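# Overview (structure and organization)
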Amino acid sequence: MNNYHRFDCVIVGAGGAGMMAALEASQRVGTAVVSKLYPTRSHTGAAQGGIAAALANLEDDSWENHAYDTIKGGDFLVDQTAAEILARDAVECIYQLEHWGLPFDRTPAGKISQRRFGGHTKPNPDYDPSAPPGSPNARPRVPVMRSCHSADRTGHMILQTLYQQCIKQGVTFFDEFHMTDLILVDGECRGIVALEIATGQLHVFHAKSVLLATGGFGRMFKVSSNAYALTGDGPAIAYQHGLPLEDMEFFQFHPTGIYRLGILLSEACRGDGGVMINDQGERFMERYAPNLKDLASRDVCSRSIYQEVRAGRGIGGKDYVYLDIRAETINRFGTSPTGKPVDHRWVESRLPDIIDFSRTYLGVDPIREPVPIQPTAHYAMGGLPTDIDGRVLRDETGAIVPGLYAAGESACVSVHGANRLGTNSLVDLVVFGRRSGRDMARYARDHDFKPLPPKPEAASHAKIRGFLERPRNYPWVKLRDRLQHVMMDDCGVYRTGEGLERARREVASLKEQYATLGVQDKGSVFNTGLLEVLEFGNLLDLAEATVASALARTESRGAHSREDFPDRDDSRFFAHSFAFRDGPDSVRLAYRDVDVIYIEKDGQRQPKYPLEIRKY
Amino acid sequence: MAETTRHLTVRIKRFDPETDSAPHWEEYQVEAEPWDRVLDVIQKVKWTIDDGLALRRSCAHGVCGSDAMRINGRNQLACKVLVKNLPDNTIRVEPILGLPVIKDLVVDMKPFFDHYKSVMPFLVNDEPPPTTERLQSIAARARFDDTTKCILCACCTTACPPFWGDRKYVGPAAIVNAHRFIFDSRDRAAAERLEILNDAEGVWRCRTVFNCTEVCPREIKVTQAISEVKRALLTGDVGEIDASAETAAAAS
């Protein structure tokens, strides 16, 4: 049968994590990458400001600083062994990318250039606890230039470089194949089923190990920086098979999305000295984060914008504020990263794409005027639970699913905890994509192919036939709009028990209607209507898990902010949530302890990263 | 330009290989806001009138390169054209030219990517790397900056008359990606790439029409990049910048 394929390793998704894994695995065993997009269309390419690594090319820094910032940035819900691996391996991975040809910007000495980013700090060498508050010496930590960049298109360069290396290495790609199912037998993964978009045929990929690297699922929200393709197919299909999703209540809203459209304006804007301004012309972050101000973590900045808007200080009383990257503003606030005044040419050389987006989509020239912005749904901290080698966990005890791996945004290692730091998504992709690729190849070498069940494509076939046979009785797009609205309004930056309960009911009702939908196009070739309906189904399942996890977490931590429970509650919630499907429309939750590193200090066993109240 | 809702007549070239023997034009009536993208307009047709309308799209802000199409006779990314900038209330949308149409606005990209792959679009350097990064001066990095911006959308290649006439011609996008490595001071395979482009189906097919430069959504100076490759072929000089001298000067 032409539609049967056999590879030692099958990788689903051709973004940064998938291709990094492919470069590792394909050196060792037969590997195929299955992706619903051409690899260079993947959303890794939209990442802008940089990838963190403590190279110390421009000032002192250490991987320990990076690990600490990651743990604090995640509001202590980060698994600490994983965070240390992230910070340590980042350095080696950056050099590997550079050796593969990634065109980083350069310092005058010819090294990789680095810039500031939110939440990335080092101890202040001039720190003086007795210094008056607000003075420079009163800050225990100061911003550090850690983000390695290529203008404001770092993700584009990473994606292109990895694809180039895949071509060089002869990696096998199945482009425009949409995964419809995982083949799980006796708790083991044995392959996947995918729809060939160009023909409408189902293909079976028999494998010893499978990596899910399908990216995020921000399309469940109305205003999002995410591509249309980001519908969480990997995590959703695993969840449909009874596997857990970890920390789904933590979804990051990036503070600086283009007003209404949600297109991302990189944090590099603020790393390079830009500031957020309210209707009264105030740099309001001075109130909310007196030390780091506009370089506080993203959750803090997004909440601050909401507070300003609620207090009537949005621009013209509306629901947005300004991002100001004009050279004169940077000079007025003294926020230039070099300490020296900047001019508009410097700003343009650092942020060319950002400036182009604003000019194109808003008609606003950021060189001359401030840009209207609002928080935009950006990044899923949650996803498929994995260990530090990308192996997917079956449950909260840490038991694994043999043969199944996950990496990148679709996974939850967890290195981002309750809130991811800027640039750490790209670090996550390369560090854990690489580790997953190595381990899945090792697993494939150590094991034989196991038989597939009869007709593994039958369930996918029945599901697709259902959508094609039922008449289009209802425009399904309206259901998707309803999902995106309720998630934005009731499961967004601020949440309440009441709102989440409303969201839960709405998602349940949408799921009921989903089961009756049909598509208009009954054809086989490039039936993108059918694809969108399949993707919408995945979003519905992920929304269900997100809302249930958010309802149960009656505390505020990182990106999960409950107005009815405003404080962090470490006694009850210093733990990762695991959401399981329990019957057709209920969710069961379990919790797993956060991984904590202990050290010997003064003859006593103590946590290496003691819990602290998170302030910036 | 009026800042009010516009009533648009959208003419889309449709082709369904399962039912049609040839492409035909269909007309749709859609309301659109001035700041809507043409992509939004096309998706409105898809979502409210005919969900069978096939197109590719993903990022919707001009970085992924999925939605290259011919809009009013000119290759553009549908997500980078705003309704307010349309000259009148009728838009014509058709697939890019020169690649086989699969369905509606979707073309077969394989020949395009095959050309891209043929020019060794990857860094070649077998010298053992240092334990940290390879050094590169700011000037040496700037030498190939423009061509690193390519997103492989195919706007340039499918706007190129020589490519329309000869599909074996590698086309501007492939040359842009060869340029990106030929002029990278870290690369060691410039001669091999230049040899590939010296072929009858290589860089000499370019007639300097400038269509590629005009349509590039990333504003890459495509024709200039092609000319630089031609010049390198004629002179054997890739204009190498002495990085070590520059670095020494910067450090002093």
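Reading the values: rules and limits
- Residues numbered from 1 in each chain as written.
- Chains lettered and ligands numbered in written order.
- Predicted model: local features only at pLDDT ≥ 70, side-chain atom pairs only at ≥ 80, totals over all residues.
- Heavy atoms only, no water.
- Helix = DSSP H or I, 4+ residues; strand = E, 2+ residues; numbered from the N terminus.
- Rg over C-alpha atoms; globule rule 2.2 N^0.38 Å.
- Buried < 20%, exposed > 50% of the residue type's maximum accessible area, 1.4 Å probe, protein only.
- Areas by Shrake-Rupley, 256 points an atom, 1.4 Å probe, with all protein chains shown as cover.
- Lys, Arg positive; Asp, Glu negative; His and termini not counted.
- Charge placed at Lys NZ, Arg CZ, Asp CG, Glu CD.
- Pairing = 2+ DSSP bridges.
- Axes fitted to C-alpha atoms, helices over the stretch in contact; angles between N-to-C directions.
- Phe/Tyr/Trp six-rings, centres within 6.5 Å; stacked < 30°, edge-to-face > 60°.
- Lys NZ or Arg CZ within 6 Å of the ring centre and 35° of its normal.
- Polar contact = N/O pair within 3.5 Å; in protein donor to acceptor, adjacent residues only side chain to side chain.
- Salt bridge = Lys/Arg side-chain N within 4 Å of Asp/Glu carboxyl O.
- Core = buried A, V, L, I, M, F, W, Y, C linked by side-chain atoms within 4.5 Å.
- Domains from an automatic or database assignment.
- Contact = heavy atoms within 4.5 Å.
- Buried area = accessible area lost by both parts, 1.4 Å probe.

### As for the overall build of chain A
- Per the secondary structure count, chain A includes 17 helices and 22 strands.
- Taken over C-alpha atoms, the radius of gyration comes to 23 Å for chain A, in line with the 25 Å a tight globule of 616 residues would show.
- Projected onto the principal axes, the alpha-carbon positions of chain A cover approximately 75 × 50 × 50 Å.
- Among the 616 residues that make up chain A, the fraction classed as buried is 68%.
- As displayed, chain A offers around 20000 Å² of accessible surface, 48% of which is attributable to carbon and sulfur atoms.

### Some thoughts on the overall build of chain B
- For chain B, the helix and strand inventory stands at nine helices and seven strands.
- Each principal axis of the C-alpha atoms in chain B carries an extent, and together these give about 65 × 40 × 35 Å.
- For chain B, the residues scored as buried account for 58% of the 252 residues in total.
- Of the roughly 10200 Å² that chain B leaves accessible, carbon and sulfur atoms contribute 52%.
- Each charge class in chain B can be summarised by its mean position, and for the 33 positive and 37 negative side chains these summaries are 2 Å apart.

### Let's talk about the sheet that holds strand 13 (residues 321-324) of chain A
All names here are of chain A.
- In spatial order, the strands read 11-14-13-12; together these four strands make up an open sheet with antiparallel pairing. The open sheet has two edge strands, strand 11 (251-258) and strand 12 (275-277), and neither has a second partner. Across the sheet, the mean angle separating the axes of adjacent strands is 50° when strand polarity is ignored.
- Across three bridges, the pairing between strand 12 and strand 13 is antiparallel.

### Overview of the sheet that holds strand 19 (residues 575-581) of chain A
Residues and elements named next belong to chain A.
- Strand order in this open sheet of three strands is 10-19-20, and the pairing throughout is antiparallel. The sheet is open, and its two edges are formed by strand 10 (245-246) and strand 20 (587-593), each paired on a single side.
- Taken together, the seven bridges between strand 19 and strand 20 define a ladder with antiparallel strand orientation. By the bridge assignment for strand 20, Ala579 is matched with Leu589.

### Considering the packing of aromatic side chains
- Tallying each qualifying case throughout the model produces 22 aromatic pairs over all chains.
- An angle of 80° between the planes, with centres 6.1 Å apart, marks the rings of Phe177 of chain A and Phe205 of chain A as edge-to-face. Of this pair, Phe177 of chain A sits in strand 7 (residues 177-185) while Phe205 of chain A sits in strand 9 (residues 201-212), placing them 28 residues apart in sequence.
- Classification of Phe205 of chain A by relative accessible area gives buried; the value is 0%.
- Taking 6.3 Å as the distance between ring centres and 65° as the angle between the ring planes, the aromatic pair formed by Phe251 of chain A and Phe253 of chain A counts as edge-to-face. For the pair formed by Phe251 of chain A and Phe253 of chain A, the shared burial category is buried.
- Within the aromatic cluster, the residues linked to one another by ring pairs are Tyr38, Tyr163 and Phe173 of chain A together with Phe112, Phe113 and Tyr116 of chain B.
- Across the ring face of Tyr228 of chain A, the terminal group of Arg219 of chain A is positioned such that the distance to the ring centre comes to 4.2 Å.
- Across the ring face of Tyr494 of chain A, the terminal group of Arg310 of chain A is positioned such that the distance to the ring centre comes to 4.7 Å.

### Thoughts on the side chain of Ser137 of chain B
- Within the secondary structure, Ser137 of chain B sits in the loop between helix 2 (110-117) and helix 3 (138-142).
- In this structure the side chain of Ser137 of chain B is engaged in a polar contact, spanning 2.9 Å, whose partner is the backbone nitrogen of Ala140 of chain B.

### Brief notes about the pattern of salt bridges
- For the structure shown, the criterion picks out 78 salt bridges over all chains.
- As a salt-bridge pair, Arg141 of chain B and Asp145 of chain B come within 2.9 Å of each other at their nearest N and O atoms.
- On the basis of relative accessibility, which here comes to 25%, the residue Asp145 of chain B falls in the partly exposed class.
- In the salt-bridge network here, residues are joined through shared partners; they are Asp75, Glu249, Asp299, Arg303, Arg553, Glu555, Arg557, Arg568, Asp570 and Arg614 of chain A.

### A few points about the nonpolar core
- Counting residues in hydrophobic clusters, the biggest one holds 253 residues, and the most contacted among them are Ile51, Ile192, Val210 and Leu483 of chain A.
- The leading source of residues in this core is helix 16 (residues 528-552) of chain A, at twelve residues.
- Looking at this core, you find at least three residues from each of domain 1 (6-107) and domain 2 (110-251) of chain B.
- Ignoring anything within four residues of it in the chain, the contact list for Leu483 of chain A reads Met220, Val507, Leu510, Phe536, Leu539, Leu540 and Ala543 of chain A.

### Looking at the interface of chain A and chain B
- On the chain B side, the residues contacting the 62 residues of chain A number 69 residues.
- Between chain A and chain B, roughly 5400 Å² of surface is buried when both sides are summed, and carbon and sulfur atoms account for 51% of that area.
- Among the residues of chain A in contact with chain B, Arg41, Tyr228 and Tyr361 of chain A are the three that bury the most area, contributing 15% of the side total.
- The tally of links between chain A and chain B comes to seven salt bridges.

### Let's talk about the environment of Gly118 of chain A
All names here are of chain A.
- Relative to the helices and strands, Gly118 resides in strand 4 (residues 114-123).
- The class of Gly118 is buried, set by a relative accessible area of 1%.
- Considering only alpha carbons, one finds Gly118 and Ala296, 178 residues apart in sequence, at a separation of 5.3 Å.
- Not counting the four nearest positions on each side in its chain, Gly118 is found in contact with Glu267, Leu295, Ala296, Leu421 and Gly422.

### Regarding the pairing of strand 3 (residues 68-71) of chain B
Residue and element names in this part refer to chain B.
- Of the two faces of strand 3, the one lined by Ala68 and Arg70 and the one lined by Met69 and Ile71 are each fully buried.
- Relative to strand 4 (residues 74-77), strand 3 runs antiparallel, the two being bridged by four bridges. Bridge pairing in strand 4 links Met69 to Gln76.
- Between strand 3 and strand 4, which pair antiparallel one after the other, the connecting turn spans two residues, and Asn72 there sits at a positive phi close to 50°.
- One ladder, built from two bridges, connects strand 3 with strand 5 (residues 90-94); its direction is antiparallel. From the neighbouring strand, Ile71 faces strand 5, where its bridge partner is Val93.

### What about the domain arrangement of chain B?
Residue and element names in this part refer to chain B.
- Here chain B is partitioned into domain 1 (6-107) and domain 2 (110-251).
- Centre-to-centre separation of domain 1 and domain 2, based on C-alpha positions: 31 Å.
- Between domain 1 and domain 2, the residue contacts involve 16 residues of the former and 15 residues of the latter.
- Roughly 1200 Å² is buried in total at the junction of domain 1 and domain 2, and carbon and sulfur atoms are behind 61% of that figure.
- Ranking the residues of domain 1 by area buried against domain 2 places Asn75, Gly98 and Leu99 at the top, with a combined share of 38%.
- Our count for the domain 1 to domain 2 interface comes out at zero salt bridges.
- Our count for the domain 1 to domain 2 interface comes out at five residue pairs in polar contact (both at pLDDT 80 or more).

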